[in-house]
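Residue-level structural notes
The chain contents come next:
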Amino acid sequence: MAAPRAVLLLSGKRKSGKDFVAEQLRSRLGPAVCCVLRLSAPLKERYAEEHGLDFQRLLDASAYKETYRQDMIRWGEEKRRADPGFFCRTVVEGVEQPVWVVSDTRRLSDVEWFRHVYGDAVQTVRVVASEETRKRRNWVFVAGVDDAESECGLDQGVAFDWGPCLPPGARGCCCSVTLSCGSGTVSCVPRPLRAQRRFPVCLSCPGWGRCLHWNKALMLRNTRGCVSFPGGGGNSGHWG
Ligand SMILES: Nc1ncnc2c1ncn2[C@@H]1O[C@H](COP(=O)(O)OP(=O)(O)OP(=O)(O)O)[C@@H](O)[C@H]1O
Ligand SMILES: C[C@@](O)(CCOP(=O)(O)O)CC(=O)O
């Protein structure tokens, strides 16, 4: 297995759009370059086996999944206590693409595992949507889930490499990476602001599809430098 060029650890609250963002990245970069890894996939598979449930139905954004969420959390935490790297090691097995997007990073132990194994290739990305938007996506506060480690484990303790969007019009905002311009725009802005002035890929509203550079490469730049990798458009040029 080749070492990845970039490992993007997406985290955020339920219905903030983590899976949506991950799929956007994968479809823009193409499946040969980018794969989406879900730490919850092996968890759900094993949980479904042990409990006689439908694994496929646990994978989508369904009410079925929500019925079992709390018990899956309890079950997964038991497994992690025994072996904190268990789900992380399982999802990376046999992955060949250079760019990995982990769409459901929830715990410090997951971030620490990836940083320990993949070092500077790791970028942490916080996906944010307002409560109002999340409610429109059928999010309802559930005690024991939304106030527990599964949802709050990364509220502190990580300085995200990529954070939520600035208000429109704020200085530097035109250089944000806006992943969607639909309801509840999810954006990632490199920090600090001064880094944005040199950010060569403008993907801001009204749509990242307009970015002329997109097909050339995707580049993420921040204070620690930058990672770049070929885009899906057939041009393998790199910046940086
Ligand atoms: N920016 C967006 N624009 C339009 N629809 C979106 C956007 N982001 C997410 N959605 C929709 O909102 C719903 C929830 O999004 P998604 O499943 O990506 O959230 P999530 O953070 O992965 O949630 P969970 O933690 O429950 O898995 C999906 O139906 C998705 O298509
Ligand atoms: C059980 C759990 O993995 C469910 C995650 O489901 P999803 O990422 O919201 O599709 C959450 C957790 O591990 O705390």
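Residues numbered from 1 in each chain as written. Chains lettered and ligands numbered in written order. Predicted model: local features only at pLDDT ≥ 70, side-chain atom pairs only at ≥ 80, totals over all residues. Heavy atoms only, no water.

**Here's the deal with the pairing of strand β2 (residues 34-37)**
Inclusion rule: Relative accessible area decides the class of each residue, using a 1.4 Å probe on protein chains only: under 20% of the type maximum gives buried, over 50% gives exposed, and in between gives partly exposed. Secondary structure elements are defined from DSSP: runs of H or I of at least 4 residues count as helices, runs of E of at least 2 residues count as strands, and each element is numbered from the N terminus. For two strands to pair, DSSP has to find at least two bridges joining them.
Going residue by residue along β2, you find C34 and V36 tucked away on one face and C35 and L37 tucked away on the opposite face as well. As judged from the four bridges shared by β2 and strand β3 (residues 99-102), these two strands associate in the parallel manner. Within the sheet, the bridge partner assigned to L37 lies in β3 and is V102.

**A closer look at the pairing of β3**
A regular strand places its side chains on the two faces of the sheet in alternate fashion. Neither face of β3 is open: one carries V99 and V101, the other W100 and V102, and all of them are buried. One ladder, built from four bridges, connects strand β1 (residues 6-11) with β3; its direction is parallel. Paired with L8 across the two strands is V101, which belongs to β3.

**Looking at the site of ligand 2**
Heads up, the rule is: The cutoff for a nearby residue is simple: one of its non-hydrogen atoms must lie within 4 Å of the molecule or strand. Counted as a polar contact is a pair of N or O atoms within 3.5 Å, where, for protein atoms, one must be capable of donating a hydrogen and the other of accepting one, and residues adjacent in sequence contribute only when both atoms are in side chains. Here, Shrake-Rupley sampling with a 1.4 Å probe gives the accessible areas, and only protein chains in the shown set may cover a residue.
Taken together, the residues surrounding ligand 2 are S40, L43, K44, K65, R69, M72, I73, R80, D104, R106, R107 and S150. Within the side chain of K65, one N or O atom sits 2.7 Å away from an oxygen atom of ligand 2. In the model, an oxygen atom of ligand 2 is placed 2.8 Å from a nitrogen or oxygen of the R69 side chain. Protein contact buries 95% of the 380 Å² of open area that ligand 2 shows by itself. Those elements that place two or more of their residues in the shell around ligand 2 are α2 (40-51) and α4 (63-82). Take the shell around ligand 2: its biggest share by element is five residues, from α4.

**Quick word on α2**
Keep this limit in mind: By this rule the span expected of a helix is its residue count minus one, scaled by 1.5 Å. Any two residues whose heavy atoms approach within 4.5 Å are treated as being in contact.
Under the 1.5 Å per step criterion, the end-to-end length of α2 is 16 Å for twelve residues, consistent within 8% with the ideal 16 Å. Taken as a whole, α2 has its buried residues at S40, P42, L43, K44, Y47 and A48. Looking at the buried side of α2, the elements it contacts are α3 (55-59), α4 and α5 (86-92). Positive backbone phi, at 65°, marks G52, one or two positions downstream of α2.

**Digging into the confidence of the model for the protein chain**
Stated precisely, the cut-off is as follows: On a scale of 0 to 100, pLDDT captures the predictor's confidence in every residue.
On average, residues of the protein chain score 71 in pLDDT, and 66% of them are at 70 or above. Residue range residues 165-240 is modelled with pLDDT below 50. Its contacts to residues more than four positions away, or to other chains, number 167 contacts.

**Focus: the pattern of salt bridges**
Stated formally: By definition, a salt bridge exists where a carboxyl oxygen of Asp or Glu is found within 4 Å of a side-chain nitrogen of Lys or Arg.
All chains considered together, the criterion is met by 16 salt bridges. Taking the shortest distance from any N to any O, the salt bridge between E132 and R136 comes out at 3.9 Å. Placement of both E132 and R136 in helix α7 (residues 131-136) is noted, with a separation of four residues, approximately one turn of the helix. Here E132 falls in the exposed class, since its relative accessible area comes to 57%.

**Quick word on unusual backbone geometry**
You will see that K15, though not glycine, has its phi angle at about 65°, which is positive. Considering the arrangement of structural elements, one finds K15 in the loop between β1 and α1 (18-29). Look at K15 and you get buried, because its relative accessible area is 18%. A positive phi angle is found at N138, which is not glycine, with a value near 75°. Looking at where N138 falls in the secondary structure, it is placed in the loop between α7 and α8 (149-152).

**What about the side chain of R80?**
As for its placement among the helices and strands, R80 is situated in helix α4. Beyond its immediate stretch of four places on either side in the chain, R80 contacts L39, L43, F87, R107 and D110.

**A look at the nonpolar core**
Nonpolar side chains in soluble globular proteins tend to end up buried together. Using the following cut-off: Among buried residues, the Ala, Val, Leu, Ile, Met, Phe, Trp, Tyr and Cys ones that are joined through side-chain atoms within 4.5 Å form a nonpolar core.
Residues V7, L37, V92, W100, F114 and Y118 are the most contacted members of the largest nonpolar core, which totals 20 residues. Elements that contribute at least two residues to this core include exactly β1, β2, α5, β3 and α6 (108-118). For this core, the element with the most residues is α6, which contributes four residues. Counting 14 residues, the second largest nonpolar core, distinct from the first, contains A6, A22, C34 and V127.

**A short note on the side chain of S11**
By the element assignment, S11 lies in strand β1. The contacts of S11, once residues within four sequence positions are left out, are K18, T105, V125, R126, V127, L154 and F160.

**Concerning the packing of aromatic side chains**
Applied cut-off: Pairing of aromatic rings covers Phe, Tyr and Trp, the last through its six-membered ring, and needs centres within 6.5 Å; plane angles under 30 degrees mean stacked, over 60 mean edge-to-face, and all others mean tilted.
Tallying each qualifying case throughout the model produces seven aromatic pairs. A ring pair is formed by W113 and Y118, whose centres lie 6.1 Å apart and whose planes are at 70°; its orientation type is edge-to-face. There is no split in this pair, since W113 and Y118 are both buried. Three or more aromatic residues link up through ring pairs in this structure, and these residues are W100, W113, F114 and Y118.

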